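# Observations on chain architecture
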Amino acid sequence: MHSKYARLDRYLSQKLGIKRGDVRLMLARGRVRVNGVVAVDINQRVGEFDHVVVDGQVLQVREPVYIMMHKPMGVVSATKDEKNKTVIDLLQRSDKNALHIAGRLDFNSTGLLLLTNDGRWSRRLSEPATKVMKWYRVRLQKPVTPDYIAAFAEGMYFSFEDITTLPAELKIVSDYVADVGLMEGRYHQIKRMFGRFQNPVLELHRMAVGNLQLDETLAAGESRELSADELEGI
Ligand code: URA
């Protein structure tokens, strides 16, 4: 999903089906407002969540939406699936088909899943450069030992993608349980990292994305919008 930013003259000429020269005249006459302010500059950028009004008529009003879900097991992190229930199917909102997933979880993984219609926000969260750490609690089939810590921190080479994973944090919680912090989200990354130790993952639960913790009052399958503080803090 790409967020759309367009120059104001191009945006208005496409939306209204008029020439760009006519847009200049409109601006000169103060007929256009963007987010409540009279627009004067054809070079102004208009994004998908800007509020655009021409001659008092609303041309575009689209609110960004940010949702946290407690993803249950056995549900696909996808917007459509032929066979299985998707996380979108679990939502009861009229705008649910405009949403996309910011960071998938595997079919049997549980925990914090974010959904939004804001492509810029979801891209920023998933870019390793922004260093937003995602925290997972992992239950394993065999005991986890201290030598795992250095192996996760060093990174592991994945020949299929020809990449080395970024430094990951591993904290031993108890013999069979570890917390893992990742700045990226490669395909089945945690399972593959424990796979290097021939230690199958039995349960995988995302607890947090950056400073945003899963709201433990949400039962599996439930969701709610993020608060302004949560949105700012992430
Ligand atoms: N790593 C995995 O292997 N699975 C997930 O769902 C998330 C991270």
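In the block above lies the structure referred to throughout.
A few points on the structure. (Residues numbered from 1 in each chain as written. Predicted model: local features only at pLDDT ≥ 70, side-chain atom pairs only at ≥ 80, totals over all residues. Heavy atoms only, no water.)

## Some points on the site of the ligand
Filter applied, for reference: In this text, near means that some heavy atom of the residue lies within 4 Å of the molecule or strand in question. Each polar contact in these results corresponds to two N or O atoms within 3.5 Å; when the atoms are within protein, one needs to be able to donate a hydrogen and the other to accept it, and residues that are neighboring in sequence are counted only if both atoms are side-chain atoms. For accessible areas, the Shrake-Rupley method is used with a probe of radius 1.4 Å. Any residue's cover is judged against the shown protein chains and nothing else.
All residues adjacent to the ligand are Leu105, Asp106, Ser109, Tyr136, His188, Gln189, Ile190, Lys191 and Leu204. Take serine 109: an N or O atom from its side chain is 2.8 Å from an oxygen atom of the ligand. One nitrogen or oxygen atom from the main chain of glutamine 189 is found 3.5 Å from an oxygen atom belonging to the ligand. Bound to the protein, the ligand loses 95% of the 240 Å² it would expose on its own.

## Focus: helix α3 (residues 119-126)
This is how it is decided: Relative accessibility decides the category of a residue: with a 1.4 Å probe and only protein chains considered, values under 20% of the type maximum give buried, values over 50% give exposed, and everything between is partly exposed. Helix and strand assignments come from DSSP, with helices taken as H or I runs of at least 4 residues and strands as E runs of at least 2, each series counted from the N terminus. Within this analysis, the arc is defined by the directions that extend from the helix axis to the C-beta atoms. Should any heavy atoms of two residues lie within 4.5 Å, those residues are counted as being in contact.
When α3 is considered as a whole, its buried residues turn out to be Gly119, Trp121, Ser122 and Leu125. Projected onto a plane normal to the axis of α3, the buried residues spread over an arc of 165° and lie on a single side. In the core, the buried residues of α3 are packed alongside β7 (66-71), β8 (100-102), β9 (110-116), β10 (134-140), β15 (201-209) and α6 (228-233). Among the residues of α3, the N-terminal cap falls to aspartate 118, whose side-chain oxygen and the backbone nitrogen of arginine 120 are separated by 3.2 Å.

## Looking at the pairing of β15
We apply this condition: Pairs of strands are assigned from DSSP output, requiring at least two bridges between the strands.
The element β15 is largely enclosed, with a buried count of seven among its nine residues. Of the pairings in the sheet, the one linking β10 to β15 comprises seven bridges and is antiparallel in character. Within the sheet, the bridge partner assigned to tyrosine 136 lies in β15 and is arginine 206. As paired strands, β15 and strand β16 (residues 212-213) are joined by two bridges and run antiparallel to one another. Bridged to alanine 208 within β16 is glutamine 213. Counted along the chain from β15 to the antiparallel partner β16, the turn is two residues long, and its residue glycine 210 has a positive phi close to 55°.

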